[in-house]
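# Analysis of the macromolecular model
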Amino acid sequence: MTKREIDWSRFAAELDGIRILLNGNQVRAKSKDFFWYSPILNEQLKDCVGDLVVMPRTEAEVIRVAAAVARWRVPLTIRGAGTGNYGQCVPLAGGVILDTTELNQVLAIRPGSVRVQTGARIAKVLEAVQEQGQELLMFPSTLRIATIGGFIAGGSLGVGSIRNGALKDAGNVTAIRVVTVEPEPRIIELLGADIQKVHHAYGTNGIITELELCIKPAFDWQHNIMLFDHYTDALRFCKAASTPELDLFLLTSVDRNFAPYYEELLGEHFPADRDAVFAMVAPQSLTAYRQLALAHGGRESLCMSATELEQQELPPAYECAYNHTTLHAIKVDKQRTYLQYAMPSPLDPDLCQRFAEHFGDEVYWHHEFARQSDAYQCFGIPLVRFSTAERLYEVMAYLEQNGCAIFDPHVVTIEDGGIKEIDDLQIEFKKLADPYGLLNPGKTRGWDQSMARQN
Ligand SMILES: Cc1cc2nc3c(=O)[nH]c(=O)nc-3n(C[C@H](O)[C@H](O)[C@H](O)COP(=O)(O)OP(=O)(O)OC[C@H]3O[C@@H](n4cnc5c(N)ncnc54)[C@H](O)[C@@H]3O)c2cc1C
């Protein structure tokens, strides 16, 4: 989509009464996410900026914005908290940024389900359901700032996925309500399997306003660190611990190269001469978890509830996992970037050892253990010393040749990043919900502007 000259003050005047930001610095800040993890995306996206930010407080205000955008035929990029890693909410073609963070109410909590507005911070939703003895099935490690709508539209799995699977697994997200982008916007409520039409579509096919999620009875998860003499022992342990007989909410392994990045946070709990496994363990599984770790050469260096950790000013285990691991590292070592891939199943720790020998110091190893479609799966999120884009793609090619499935975090489209194929269901829904192709242009290869409605 090419940029047109638009009289933005006239556009803003049409939205009188809705909070709007036109100040350059504010708009620039709201045009960014965590794409800077990738030196490639950083180069590509650092100058992309929207023209104005709207912050609706009600669904009725969202509808007014959607109608104005459709009448003016201007691009609209939806933004939650902007913690996505692939420039997911960066406006490639300028235009309007719709910030959802003021649409943030927890609407209803029932046994087994919660209904929320899209812009609610995940931590706020978690606290609300915990007050009623329940908990979310999964969340990203960014839950303190990320919005629930941003997770459903941009995320895939996270903390909790070893117990409850991925977001897309049946029953985890039960309803999504979207506003269409047309001169007279409609509201569509997607239920059950139909949520796949919008889940992980990067906000390209409808503005989510409300969501309904499955919740379960809460546990006082024990945050645990086990140390190992060899990274392959840590992996063998994680493989053995990936069983329904142990009730876990998180299982993460990182090699000893990560210890210096965690020094300030964890001190002696993660010394530089050991490899570590971070976990959240249900109280009734703790004895069996400890016995299994011991049998694999593990030594416990920490085990505390969330409350105890807070009192000791220690981080929760989930802030030592998923992409928080990368965050801690990049803060210290600006030369490093990261990759994402799935290991071939069943996991072969010796294959990981061969990778480690092949790459030496160039790659530091981090694995996440999760369930997807009821099968246990090991995902790699290694840190790579960045030299050139060509070299980074050689590393990816090597992993792929050895059976790994790559989810490239250095690209902006949904298809290039993960699913590889165009999701026809999502594109068909886009024709209904975004008939002029105005939502987050450039983020799906499945849309061609020739598909846009002409009138
Ligand atoms: C340190 C770190 C750790 C992370 N860990 C994880 C993890 O464990 N698992 C994981 O999946 N991700 C993870 N992420 C990525 C990201 O934090 C999560 O996906 C997060 O939930 C995104 O929420 P957000 O509010 O920041 O969304 P944003 O980044 O603002 O948006 C994400 C996408 O959703 C779209 N979107 C937002 N709101 C709506 C809406 N109302 N309607 C339609 N589309 C919308 C946006 O257009 C964008 O394409 C991590 C990122 C970082 C930096």
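Up top is the structure.
First things first, this report covers the structure right here in the doc. Because the structure is a prediction, the values reported are computed rather than measured.

Once that is clear, we can look at the packing of helix 13 (residues 349–359) against helix 14 (residues 389–401). Packing of helix 13 against helix 14 leaves a shortest axis separation of 12 Å and a crossing angle of 150 degrees. Here helix 13 lies roughly antiparallel to helix 14, going by the angle between them. Here the hand of the crossing between helix 13 and helix 14 comes out right-handed. Along the contact surface, helix 13 presents Arg354, Phe355, His358 and Phe359, while helix 14 presents Arg391, Val395, Tyr398 and Leu399. Split by residue class, the contact of helix 13 with helix 14 holds 5 nonpolar, 1 polar and 2 charged.

Under the counting rule described, the total for this entry stands at 28 salt bridges. Its salt-bridge partner being glutamate 319, residue arginine 144 comes within 2.6 Å of it at the nearest N-O pair. Of this pair, arginine 144 sits in the loop between strand 7 (134–136) and helix 6 (148–154) while glutamate 319 sits in the loop between helix 11 (306–311) and helix 12 (322–332), and the two are 175 residues apart along the sequence. Put simply, glutamate 182 and arginine 453 hold a salt bridge, and the shortest N to O gap is 3.3 Å. Of the two residues, glutamate 182 sits in the loop between strand 8 (173–179) and strand 9 (187–191) while arginine 453 sits in the segment after helix 16 (424–433), which places them 271 residues apart along the sequence.

What follows covers the layout of surface pockets. When its volume is computed, the second largest pocket comes out at roughly 570 Å³. In terms of lining residues, the second largest pocket is bounded by 23 residues, among which Leu126, Ala306, Glu310, Pro316 and Tyr318 are the most central. Among the elements of the structure, helix 5 (122–130), strand 7 and helix 11 are those that each provide at least two residues to the lining of the second largest pocket. Counting only domains with at least three residues in the lining of the second largest pocket, you end up with domain 2 (106–218) and domain 3 (222–403).

Here we come to the pairing of strand 9. Side-chain alternation along strand 9 places Ile188 and Leu190 on a buried face and Ile187, Glu189 and Leu191 on a face that remains uncovered. In the sheet, strand 8 pairs with strand 9 via 5 bridges, with the strands oriented antiparallel. By the bridge assignment for strand 9, alanine 175 is matched with leucine 191.

Parameters and conventions
Residues numbered from 1 in each chain as written. Predicted model: local features only at pLDDT ≥ 70, side-chain atom pairs only at ≥ 80, totals over all residues. Heavy atoms only, no water. Axes fitted to C-alpha atoms, helices over the stretch in contact; angles between N-to-C directions. Helix = DSSP H or I, 4+ residues; strand = E, 2+ residues; numbered from the N terminus. Parallel < 35°, antiparallel > 145°, perpendicular 65-115°, else oblique. Left-handed = near helix turned anticlockwise from the far one by under 90°. Contact = heavy atoms within 4.5 Å. Nonpolar A, V, L, I, M, F, W, Y, C, P; charged D, E, K, R; others polar. Salt bridge = Lys/Arg side-chain N within 4 Å of Asp/Glu carboxyl O. 1 Å grid on protein atoms, 1.4 Å probe; cavity = no way out; pocket = protein on both sides within 12 Å on 5 of 7 lines; lining within 4 Å. Points joined across faces, edges and corners; volume = space filled by probe spheres on them. Domains from an automatic or database assignment. Buried < 20%, exposed > 50% of the residue type's maximum accessible area, 1.4 Å probe, protein only. Pairing = 2+ DSSP bridges.

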